[in-house]
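This is what each chain is made of:
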Amino acid sequence: MTTPDAASLIAVPRPATVPNAVQLHAKPFDLSRVRLLESPFHEAMEKNAEYLLQLEPDRLLNRFRLSSGLEPKGESYGGWEQETIAGHTLGHYLTAICYQYRATGDDRFLEIGEYIVSELRECQNARKDGYVGGVPEGDRVWEELKRGQIASKGFDLNGIWVPWYNLHKLWMGLYDAFTLCGIRDAFDIVVKLSDWAIDVTSNLNDELWDTMLACEHGGMNEALAQVYGITGDERYLDLAMKFNHKAVLEPLARGEDSLPGLHGNTQIPKVIGAAREYELTGDSKFQDISVNFWSSVVNDHTYAIGGHGSGEYFGPSRQLADRLTMTTAETCNTYNMLKLTKQLFSWDPKVEYADYYEQAMLNHILPSQDRATGMLCYFVSLHPGHFKTYSTPYDAFWCCVGTGIENHTRYGESIYFHSDDSLYVNLYVPSELDWREKNVRVSMETDYPKSETVKIKIETDSKTRFKLKIRCPRWSEGKIDASVRGETYSGEPGTFLEIDRVWTNDDSVDIRIPMSLRVLPTPDNDKRVALAYGPVVLAGDLGSDGIVDPMPFTHENAEYFGVPCPSVPVLVTNGKDVGDWVKPVEEEPLHFKTVGVGQPNELSLLPFYEIERNRYSVYWDLFDDQSWENQKEAYLAKQREEQQLQSVTVDYVQFGEMQPERDHSVDGEKTSAEGHAGHKMRVAWHGGWFSCKMKTPSHDRVALVVDYWGQDGRNREFDILIDGELLAHEKFSVDYHNRFFSITYPIEMRLVEGKNEVSLTFKSSDNKIVGPVCSVRTIRA
């Protein structure tokens, strides 16, 4: 076998290191000790590396040089890099190239990291305050903040889109450049930046902190805790603690079910920060926060693929059956859940943590990359009959592009863990490990999950004793068997099979992990199910009808694009065991077909990670003959109604959700986002208003469909205007009390003729209230 190369020998300077206050019962190996062998994960890493090398650091540094009064060396990229979140991608990119270097030893990535850090050093030196960043209008915002002037609508701070979230990515990129690549200047930059942060927040009282932290701020508590960890300076830990968002973290500490209605990815980095604070301080409250959060997300909000959330938000606990939308499973969320899971496993090495890691990595992260181009998903749709939409190389730069380019560099970091006398094998990914402290080299050979068998080979120059702990997945329906030199072992699902022996050179462990077909019902509807074989979620390949290739879709129009989803088959199984009606396809591993149950047609099922450009369904509705006969017409009519609505929809905005509101330029006064019964919405009161931009066909008749929540049905009176002209005057009656309803408003042709976009405004009458308005769509009349 080959061994990890010179990257593993990098000396990482640590002028001061704070030891953990808690014992880590299992530790991940440095990424330089692990090398991936040929597999879908290795292919994804290689395709991602190609994209990393296509990107030009000078273009990502454009805003940083501008913010420091320096001439840019490259034109800024498009997409979000043209918005007030500009600069966020650079931190992700710096982290990604550091991980890629550590994972491969390829010096090209080290050189990129050194160049970026040198440029950031120049940007910081051009200023006198220690700040470095690409936040547009940053100087104004930070000066206002220092004076205690703070205004936020939830995702903006003083008119700028999530500036602390933006900076968190830079902090972590610099931290990774120092700790993974040993770039000393990165240490100096991040320390000065942390000193700046202390100064700029020094005048904030508790009330102002609460106001500021209501705006998404990433994992600033994590970033500053990490700086404390490499410096030992208590000031940075103190500031990290101030970034703890009490409104979210305190209920989690008490074990309360507080997630429904919250923006998903806003919360996970806060919890990752709390987890790091637990490690550094030993305060068990932070442990409780982390464990309670993980348990709630995984057990109450997670889909079969390992992702969670619809439209970026947590819904009601354990209610997923009716949340299979086109905007499920934001990839950023799962990226962060894997980071948290890795931490929790190191505290308490339990199979359930490793099982979730495999579930999410195999069925969400791997399928989120277009294997042909390396482009990345924002959402991974679970709407039956939908398809994946990918980024473009130079004009997207969504948050999930940033985390996405990191995702595919990190496959090697959680395969193996170790303690002084134990080696944990958590993931069955072909790879090589250099456990030099034990003078042991390990190689894993497998075609898993296409095969049930795994071979682990041991090379050592001298006999050595340790415990090999092999994960026995909870989904396995039988014991996991292993053999070494004729000795046999077995482990129960949900445990680690432990082999404690003196290992000699050329020992090998042959492992068999029995796999079978599984039905995965949603927690609130056991007749709406996903199908899996072993760890692999299977999807039905529904063809490419109505899809343009290459896909011209972007995040802004990925949900409603005027192409209806096709009718999706149902499965009339009559309660039979899944093995009776799903059969393997000969000589095509992990490919299956349904037999005798598909209505109106049978299905081809294959691993979700193999589906790229076609329509698919992950979830299916189960019937028996009688229930299908009784419900068939109503069921098909509902599908036709949805198809018809999609076919005439021009544009759609969900109010109360961050990204749709940004995509539609939502603005207003005396307005706020609210939530009820798992629905998001927006209100305005006492003369207040809110507006949005909506696409319209320039030469077709059009109507406006508005979804409302009736609430108490009282005091609700408002005008609806298009480009300042009155469309309708609306007044709720008591009949609307406590129900959701829709109203369609025809739009006169003169209001939209020749226009591709209009401004839609909801304006309250004096002392009256708008809505709440859940969503609006423009449709061809």
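Residues numbered from 1 in each chain as written. Predicted model: local features only at pLDDT ≥ 70, side-chain atom pairs only at ≥ 80, totals over all residues. Heavy atoms only, no water.

A word on the sheet that holds strand β13 (residues 495-503)
What holds strands together in a sheet is hydrogen bonding between their backbones, with the strands either parallel or antiparallel.
Working step 1: In space, the five strands of this open sheet follow the order β1-β5-β6-β10-β13, with mixed pairing throughout. Each edge of the sheet is formed by a strand with only one pairing partner; in this case those strands are β1 (27-28) and β13.
Working step 2: As paired strands, strand β6 (residues 422-425) and strand β10 (residues 464-472) are joined by four bridges and run parallel to one another. Pairing of Y424 across the sheet is with K469, part of β10.
Working step 3: The sheet strands contacting helix α16 (residues 351-365) are β10 and β13, and the helix crosses β10 at an angle near 60°. (Pairing = 2+ DSSP bridges. Helix = DSSP H or I, 4+ residues; strand = E, 2+ residues; numbered from the N terminus. Contact = heavy atoms within 4.5 Å. Axes fitted to C-alpha atoms, helices over the stretch in contact; angles between N-to-C directions.)

A few points about helix α4 (residues 88-104)
Working step 1: An ideal rise of 1.5 Å per residue puts 24 Å on 17 residues; α4 measures up with 25 Å between its terminal C-alpha atoms.
Working step 2: The buried count for α4 comes to 17 of 17 residues, which makes it a mostly enclosed element.
Working step 3: Looking one or two residues beyond α4, the residue adopting positive phi is G105, at roughly 75°. (Expected span 1.5 Å × (residues − 1). Buried < 20%, exposed > 50% of the residue type's maximum accessible area, 1.4 Å probe, protein only.)

Description of the sheet that holds strand β12 (residues 487-491)
Working step 1: Reading across the sheet, the seven strands line up as β2-β7-β8-β9-β14-β11-β12 and stay open at both edges, with antiparallel pairing between neighbours. On the outer flanks of this sheet lie β2 (34-36) and β12, each paired with one strand and no other. For this sheet the average axis-to-axis angle between neighbouring strands, irrespective of direction, equals 15°.
Working step 2: One ladder, built from seven bridges, connects strand β8 (residues 440-446) with strand β9 (residues 453-460); its direction is antiparallel. Within the sheet, the bridge partner assigned to T446 lies in β9 and is V454.

Overview of helix α17 (residues 399-407)
Working step 1: The buried fraction of α17 is high, at nine of nine residues.
Working step 2: Of the residues making up α17, those classed as buried are C399, C400, V401, G402, T403, G404, I405, E406 and N407.
Working step 3: Buried residues in α17 make contact with α1 (40-54), α4, α7 (163-181), α15 (331-347) and α16.

A few points about the pairing of strand β7 (residues 431-435)
Working step 1: In terms of burial, β7 is a largely internal element, five of the five residues being buried.
Working step 2: Burial of the side chains of β7 extends over both faces: S431, L433 and W435 are buried on one face and E432 and D434 on the other.
Working step 3: Taken together, the three bridges between β2 and β7 define a ladder with antiparallel strand orientation. Directly across from V34, in β7, lies its bridge partner L433.
Working step 4: Where β7 and β8 come together, five bridges link them in antiparallel fashion. Looking across to β8, one finds that W435 is bridged to V440.
Working step 5: Hairpin geometry of β7 and β8 is characterised by an intervening segment of four residues between the two adjacent antiparallel strands and by a positive phi of about 55° at N439.

The analysis is restricted to geometry; functional conclusions fall outside its scope.
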